[in-house]
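Residue strings, one per chain:
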Amino acid sequence: MLVLGIESSCDETGVALYGSDGDGGLLAHALYSQVRMHAEYGGVVPELASRDHIGRLVPLLRQVLAASGRSLTAIDAVAYTQGPGLAGALLVGAAFAEALATALALPTVPVHHLEGHLLSPLLSARPPRFPFVALLISGGHSQLMRVTGVGEYALLGETLDDAAGEAFDKTAKLLGLGYPGGPALAALADSGRPGRVKLPRPMLRSGDLDFSFSGLKTAVLTRVRELGTLDDEQRADIACGFQEAIVEVLVSKALRAVKATGLQQLVVAGGVGANRELRRQLDARAARARIDVFYPELEFCTDNGAMIALAGALRLQAGVAGKEPGAFAVRPRWPLTDA
Ligand code: KG4
Ligand code: ZN
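Residues numbered from 1 in each chain as written. Chains lettered and ligands numbered in written order. Predicted model: local features only at pLDDT ≥ 70, side-chain atom pairs only at ≥ 80, totals over all residues. Heavy atoms only, no water.

This part is about the coordination of the zinc ion (ligand 2). At 2.0 to 2.1 Å from the zinc ion (ligand 2) lie its protein donor atoms, namely H113 (NE2), H117 (NE2) and D303 (OD). Considering all four donor atoms around the zinc ion (ligand 2), angles at the metal cover 94 to 139° and the coordination shape is irregular. Here the donor residues of the zinc ion (ligand 2) share one chain and are spaced in sequence as H-x3-H-x185-D. Of this pair, H113 and H117 both sit in helix α4 (residues 113-119), separated by four residues, roughly a single helical turn. H113 gets classed as buried once you look at its relative accessible area, which sits at 8%. Since its relative accessible area comes to 1%, H117 is described here as buried. (Donors = N, O, S within 2.8 Å, 3.2 Å for Na, K, Ca; no water. Tetrahedral: all angles 85-135°; square planar, octahedral: opposite > 155°, others 65-115°. Helix = DSSP H or I, 4+ residues; strand = E, 2+ residues; numbered from the N terminus. Buried < 20%, exposed > 50% of the residue type's maximum accessible area, 1.4 Å probe, protein only.)

Structure (structure tokens):
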């Protein structure tokens, strides 16, 4: 069965074709990132994002069909991100997917964006098996989930304020780095000296599985104000101290969640999962605790169409893709536990 996946929830337009049930797995995928357009404004401008998605979808679809050697008529279903995300951006993908499916008389599968992220390691050569714990760390969300099967997600803990990616982005801004800040901050941290700048580890010993990152960002702000003008070395040391603090909290809570559930597998998904220091620390501590850690391929860590095509295919396979034919609505705010 061939499932077309459409992602347009934020600033990346993604299209992919996934063949389930022995139909070849991921056949092709294409992505257009709007990062350069938004960089000029220091963050995502929702209206510009929506308009740009409109112009990208048809060329990306053509690219995916050409790369896979399949025609439109070979597609069996169309999956698209229904939420959460920017309402206008979601509407572009949803309208495109529904229109295409209506023209081809195909079923559609609305997909939760975070479900796409947490299932994305299943695209890897060494995939995890259900059940597992998922650490979802993106620009908008930080959650620990117990994943029993497709569509079976229980929330174990989440951020009480900023998401991990948001904390990276805001701290990057404080240090004068451009948008998107996460990768830039991580690169700067590499040249900083570990242990030089000590920052708080919020809620590390709270005894639960929740996170809080806004205090960490404020601690950076206070440090930046104390120092006045920063030289390159000071900026790198602060970036390094910030990364050390956030990584320690994420790693500790994720491993605690795995222990609390009695499971042995941890899946890390979402843009912050691309962070190299996080992977290094997690791999080291998980190995000692005999926990198996799974990451999506780097290209599927951040937003993409492949994870949406995969989630759609798995939902169809599991018989949990239900939706009224022709009816659609986007869900800019949508808890994963309701998906
Ligand atoms: O999953 P994603 O692409 O989009 C959302 O669904 O939000 O995640 C984007 C987030 C941004 O906040 C970005 O700064 C962060 O992931 N990010 C990183 C890294 N790469 C992306 N944060 C830290 N280190 C990285 N290497
Ligand atoms: Zn995402």
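A separate point is the packing of aromatic side chains. If you walk through the whole model with that rule in mind, you get three aromatic pairs. Where F130 meets F132, the ring centres are 5.4 Å apart and the plane angle is 15°; that geometry is what we call stacked. Centroid distance F211 to F213: 5.7 Å. Interplanar angle 20°. Geometry classified as stacked. F211 sits in the buried class, given a relative accessible area of 0%. Judged by its relative accessible area of 0%, F213 falls in the buried class. (Phe/Tyr/Trp six-rings, centres within 6.5 Å; stacked < 30°, edge-to-face > 60°.)

Time to look at the site of ligand 1. Within the structure, ligand 1 sits among 18 residues, and G139, D169, G182, G271 and N275 are positioned closest to it. One of the backbone N or O atoms of G271 is found 3.0 Å from an oxygen atom in ligand 1. Contributing elements (two or more residues each) for the shell around ligand 1: α4, α5 (164-174) and α6 (181-190). Classifying every residue of the shell around ligand 1 by side-chain character gives five nonpolar, eleven polar and two charged. (Near = heavy atom within 4 Å. Polar contact = N/O pair within 3.5 Å; in protein donor to acceptor, adjacent residues only side chain to side chain. Nonpolar A, V, L, I, M, F, W, Y, C, P; charged D, E, K, R; others polar.)

This next bit is on the sheet that holds strand β5 (residues 108-112). Adjacent strands of a sheet form backbone hydrogen bonds with each other and so pair up, either parallel or antiparallel. Pairing in this open sheet of five strands is mixed, and the strands run β3-β2-β1-β4-β5 from one edge to the other. Lying at the two open borders of the sheet, with one neighbouring strand each, are β3 (25-33) and β5. Ignoring strand direction, the axes of neighbouring strands in this sheet form an average angle of 20°. Sheet topology note: the strand β1 (residues 2-7)/strand β4 (residues 77-83) ladder contains four bridges and is parallel. (Pairing = 2+ DSSP bridges. Axes fitted to C-alpha atoms, helices over the stretch in contact; angles between N-to-C directions.)

Next up on the list: the pairing of β4. Regular strands show a simple pattern: their side chains alternate between the two faces of the sheet. For β4, the tally of buried residues reaches seven of seven residues, placing the bulk of the element in the interior. Running through helix α3 (residues 87-104), the crossover from β4 to the neighbouring parallel element β5 is right-handed. (Right-handed = clockwise from strand over helix to strand, strands pointing away.)

This next bit is on the packing of helix α2 (residues 46-68) against α3. Axis separation between α2 and α3 bottoms out at 8 Å; the angle between their running directions is 35°. The two elements α2 and α3 meet at a crossing, and its hand is right-handed. Between α2 and α3, the residues in contact are S50, H53, I54, L57, V58 and L61 and G88, A89, V92, G93, F96 and L100, respectively. Residues that form the contact of α2 with α3 fall into these classes: eight nonpolar, four polar and no charged. (Left-handed = near helix turned anticlockwise from the far one by under 90°. Contact = heavy atoms within 4.5 Å.)

Spatially, the five strands line up as an open sheet ordered β8-β7-β6-β9-β10, and their pairing is mixed. Of all strands in the sheet, those with a lone pairing partner are β8 (152-158) and β10 (292-294), marking the two edges. With direction set aside, neighbouring strand axes in the sheet form an average angle of 25°. As defined by bridge partners, strand β6 (residues 132-137) adjoins strand β9 (residues 265-269) across four bridges and the pair is classed as parallel. Looking across to β9, one finds that L135 is bridged to V268.

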